[in-house]
Amino acid sequence: MLHPVSLAKTNDRKLEIRWNDDLSQLIPYRILRDSCPCATCREKADGKSQQGAAAKSIGILPILSAAEARPLDIVSMQPVGNYAYHIKFSDGHSTGIFTFEFLRSLSDEKFPG
Ligand SMILES: [Zn+2]
């Protein structure tokens, strides 16, 4: 079964995952956060895209909250069973469970480790 053998945070705010098939992968924190699979984020994402479309049509910029404007960081990653990670972000969000399969599908930045 495919699983990460090591996790590292890069200086340019990406998560580097090394998989047991010898592939390494880089996922920017922002992509991880925006892809958070929890119910709250999925609802928010729907609202946001609608908001974004409305803002565009009248020519104004969406306003970021203070937490959203601050550089994002990963505070911790806890294994969940042997299939996922529970990721805690610096904006205080920590309800997302990221399965290995999902992480693997997130970024095209993959290279032989
Ligand atoms: Zn979430």
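Residues numbered from 1 in each chain as written. Predicted model: local features only at pLDDT ≥ 70, side-chain atom pairs only at ≥ 80, totals over all residues. Heavy atoms only, no water.

**Some details on the packing of aromatic side chains**
No. 1: Tallied over the entire structure, the rule returns four aromatic pairs.
No. 2: Here a set of aromatic residues connected by ring pairs shows up, and it is made of W19, Y85 and F100.
No. 3: We note R33 situated over the ring of F89; from NZ or CZ to the ring centre the distance is 5.7 Å. (Phe/Tyr/Trp six-rings, centres within 6.5 Å; stacked < 30°, edge-to-face > 60°. Lys NZ or Arg CZ within 6 Å of the ring centre and 35° of its normal.)

**Focus on the pattern of salt bridges**
No. 1: One pass over the full model with this rule turns up five salt bridges.
No. 2: With a shortest N-O distance of 3.9 Å, K14 and D12 are connected by a salt bridge.
No. 3: With relative accessibility at 16%, the residue K14 sits in the buried group.
No. 4: A salt bridge links R104 to D21; the nearest nitrogen and oxygen atoms lie 2.8 Å apart. Note that R104 is positioned in helix α4 (residues 100–106) and D21 in the loop between β2 (14–19) and β3 (23–28), a separation of 83 residues in sequence. (Salt bridge = Lys/Arg side-chain N within 4 Å of Asp/Glu carboxyl O. Buried < 20%, exposed > 50% of the residue type's maximum accessible area, 1.4 Å probe, protein only. Helix = DSSP H or I, 4+ residues; strand = E, 2+ residues; numbered from the N terminus.)

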